[in-house]
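Take a look at the letters that make up each chain.
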Amino acid sequence: MKIAIRGGHNSQATGADGIINELIEDRKVKNAVIKYLRLDNNEVIDVTPGESTVSVDLNYGVNTANNAKVDLFASIHFNSNTKSFIGAIGSEIWLSPTSTVSVPIANRILTNLNKLGFKNRGTKNGWNVQHLFEIIHTNMPAMIIEVCFVEATEDVRIYKSVGYDAIGKAIAEGIVNHVINPTVQFKINMFANIQSVGIVNVSGINDCTIGTAGQGKSLEAIAITGTNVELKYNAYIQDVGNIIGKIEGEYEGSMGQGKRMEAITIFVK
């Protein structure tokens, strides 16, 4: 199955902000969904845009998915409709109600999220009620997954308790309609030089995220090592161009020059 996954919003096209922030959290869930789909041997395209206006943001995701001729488009979001809410509101998914592909997938995802503790708000008509851009302009079945409400105290408690990785796995399993049991476990260590922050180090099993979201700080250099996996990476640096990495764990990028890393390619041997 060929699937496009998008994390909603960016620092210019901001999302919901409450007890938790949509932009920060949807990137975590998006990455987990992609990880589990790929572990299940699906072809996954990350159609999350960079920093851009709302129109550019939406067009990038939709056009990239359309050009790639994917089988399914899923956009990961967090919801908001009040300034504060004591209690639970839950999960919902926007789609075309006539789609024989996206409706059953959405219902499976909502069932899986409900098993984790979230209230099931059901599927919502994103075609001829809300006229949502991603639903209307994609050439394939599409859905907008609203994990939970950022200002609902019980939603946020469940989200933090369960964790983004389990939520990403629940979404991925709803898409493929079976349990995903990852057999490969590898540790990733990432080091990055971040604008006005300095060197940061994080580690993770099977996935790892480094950097900042929504703070306008550039990633200037990066180094990566792995356990049980061999890695190689190339970086594209502002005003410098492509830097070809030769040694795992070696920094690629710049230090203290104010030049942002604009792209990175990672090869797994």
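Further up the page is the structure itself.
Note that the structure is predicted; figures quoted are calculated from it, not measured. (Residues numbered from 1 in each chain as written. Predicted model: local features only at pLDDT ≥ 70, side-chain atom pairs only at ≥ 80, totals over all residues. Heavy atoms only, no water.)

Thoughts on the overall build of the protein chain
Thought 1: Helix and strand counts for the protein chain stand at 6 helices and 13 strands.
Thought 2: Here the protein chain has a C-alpha radius of gyration of 19 Å; the compact-globule value for 269 residues is 18 Å, and the two agree.
Thought 3: Dimensions of the protein chain along its principal axes, counting C-alpha atoms only, are 50 × 40 × 35 Å.
Thought 4: Taken across its 269 residues, the protein chain has 47% of its residues classed as buried.
Thought 5: Look at the contacts in the protein chain between residues 6 or more apart in sequence, and 70% of them connect residues 24 or more apart.
Thought 6: Element-wise, carbon and sulfur atoms account for 50% of the exposed surface of the protein chain, whose accessible area totals about 12700 Å².
Thought 7: Charge-centre separation for the protein chain: the mean point of 24 positive side chains lies 2 Å from the mean point of 26 negative side chains. (Helix = DSSP H or I, 4+ residues; strand = E, 2+ residues; numbered from the N terminus. Rg over C-alpha atoms; globule rule 2.2 N^0.38 Å. Buried < 20%, exposed > 50% of the residue type's maximum accessible area, 1.4 Å probe, protein only. Contact = heavy atoms within 4.5 Å. Areas by Shrake-Rupley, 256 points an atom, 1.4 Å probe, with all protein chains shown as cover. Lys, Arg positive; Asp, Glu negative; His and termini not counted. Charge placed at Lys NZ, Arg CZ, Asp CG, Glu CD.)

What about the sheet that holds strand S12 (residues 252-253)?
Thought 1: Ordered by their spatial adjacency, 4 strands build an open sheet running S8-S7-S9-S12, and the pairing between neighbours is antiparallel. Each end of this open sheet is capped by a strand with a single partner; those strands are strand S8 (198-205) and S12.
Thought 2: Inspection of the sheet shows strand S7 (residues 187-194) paired to strand S9 (residues 219-227) by 8 bridges, in the antiparallel sense. Directly across from Asn-189, in S9, lies its bridge partner Thr-225. (Pairing = 2+ DSSP bridges.)

A word on helix H2 (residues 54-68)
In an α-helix, one turn spans 3.6 residues; hence positions three or four apart end up facing the same way.
Thought 1: The end-to-end C-alpha distance of H2, which contains 15 residues, comes to 22 Å, matching closely the 21 Å that a straight helix rising 1.5 Å per residue would cover.
Thought 2: When we look at burial in H2, the residues that qualify are Asp-57, Gly-61, Val-62, Ala-65, Asn-66 and Ala-68.
Thought 3: Downstream of H2 by one or two residues, Lys-69 has phi in the positive range, about 55°. (Expected span 1.5 Å × (residues − 1).)

So, the packing of helix H3 (residues 102-115) against helix H6 (residues 164-176)
Thought 1: Relative orientation of the contacting elements H3 and H6 amounts to 150°, with a least axis distance of 8 Å. The two elements H3 and H6 meet at a crossing, and its hand is right-handed. Contacts between H3 and H6 involve Ile-105, Arg-108, Ile-109, Asn-112 and Leu-113 from the former and Ile-167, Ala-170, Ile-171, Glu-173, Gly-174 and Ile-175 from the latter.
Thought 2: Tallied by class, residues from the contact of H3 with H6 come to 7 nonpolar, 2 polar and 2 charged. (Axes fitted to C-alpha atoms, helices over the stretch in contact; angles between N-to-C directions. Left-handed = near helix turned anticlockwise from the far one by under 90°. Nonpolar A, V, L, I, M, F, W, Y, C, P; charged D, E, K, R; others polar.)

Quick word on unusual backbone geometry
Of all residues except glycine, most have a negative phi; of all peptide bonds, most are trans.
Thought 1: Located in the positive-phi region is His-9, a residue other than glycine, with phi close to 75°.
Thought 2: The phi torsion at Asn-177 lies on the positive side, around 65°, for a residue other than glycine.

Here's the deal with a nonpolar patch on the surface
Thought 1: Residues Ile-199, Tyr-251 and Met-255 make up a contiguous nonpolar surface patch of about 280 Å² in total accessible area.
Thought 2: Counting through the fold element by element, Tyr-251 comes out in the loop between strand S11 (241-244) and S12.
Thought 3: Judged by relative accessible area, Tyr-251 falls into the partly exposed class, the value being 33%. (Patch = residues over 30% accessible without salt bridge, like charges linked within 9 Å, V, L, I, M, F, W, Y side chains within 5 Å. Salt bridge = Lys/Arg side-chain N within 4 Å of Asp/Glu carboxyl O.)

Notes on the sheet that holds strand S4 (residues 91-95)
Thought 1: Spatial strand order, S2-S1-S3-S6-S4-S5: 6 strands in an open sheet with mixed pairing. Each edge of the open sheet is held by one strand with a lone partner, namely strand S2 (43-46) and strand S5 (120-125). The average undirected angle you get between the axes of adjacent strands in this sheet is 20°.
Thought 2: With 4 bridges connecting them, strand S1 (residues 2-7) and S2 associate as parallel partners. Its bridge partner lying in S2, Lys-2 is registered against Glu-43.

Thoughts on the nonpolar core
Thought 1: If you look at the biggest cluster of nonpolar residues, it comprises 38 residues, and the most contacted ones within it are Ile-5, Val-29, Leu-37, Ile-109, Met-143, Ile-171 and Ile-175.
Thought 2: Every element with two or more residues in this core is listed here: S1, helix H1 (22-39), strand S3 (72-79), S4, H3, strand S6 (142-149), helix H5 (153-162) and H6.
Thought 3: By size, the runner-up hydrophobic cluster in this structure holds 16 residues, among which are Ile-210, Ile-224, Leu-231 and Ala-235. (Core = buried A, V, L, I, M, F, W, Y, C linked by side-chain atoms within 4.5 Å.)

Details of the layout of surface pockets
Thought 1: Empty space within the largest pocket amounts to approximately 2300 Å³.
Thought 2: If you list the elements that add at least two residues to the lining of the largest pocket, you get H1, S7, S9 and strand S13 (261-268).
Thought 3: With 10 residues, the single largest contributor to the lining of the largest pocket is H1.
Thought 4: Split by residue class, the lining of the largest pocket holds 23 nonpolar, 13 polar and 11 charged.
Thought 5: Roughly 280 Å³ of internal volume is contained in the second largest pocket.
Thought 6: Along the walls of the second largest pocket sit 15 residues, with His-9, His-77, Leu-132, Glu-134 and Ile-144 positioned nearest its centre.
Thought 7: Element by element, the count of residues in the lining of the second largest pocket is highest for H2, at 3 residues.
Thought 8: Its residues assigned to classes, the lining of the second largest pocket shows 7 nonpolar, 3 polar and 5 charged. (1 Å grid on protein atoms, 1.4 Å probe; cavity = no way out; pocket = protein on both sides within 12 Å on 5 of 7 lines; lining within 4 Å. Points joined across faces, edges and corners; volume = space filled by probe spheres on them.)

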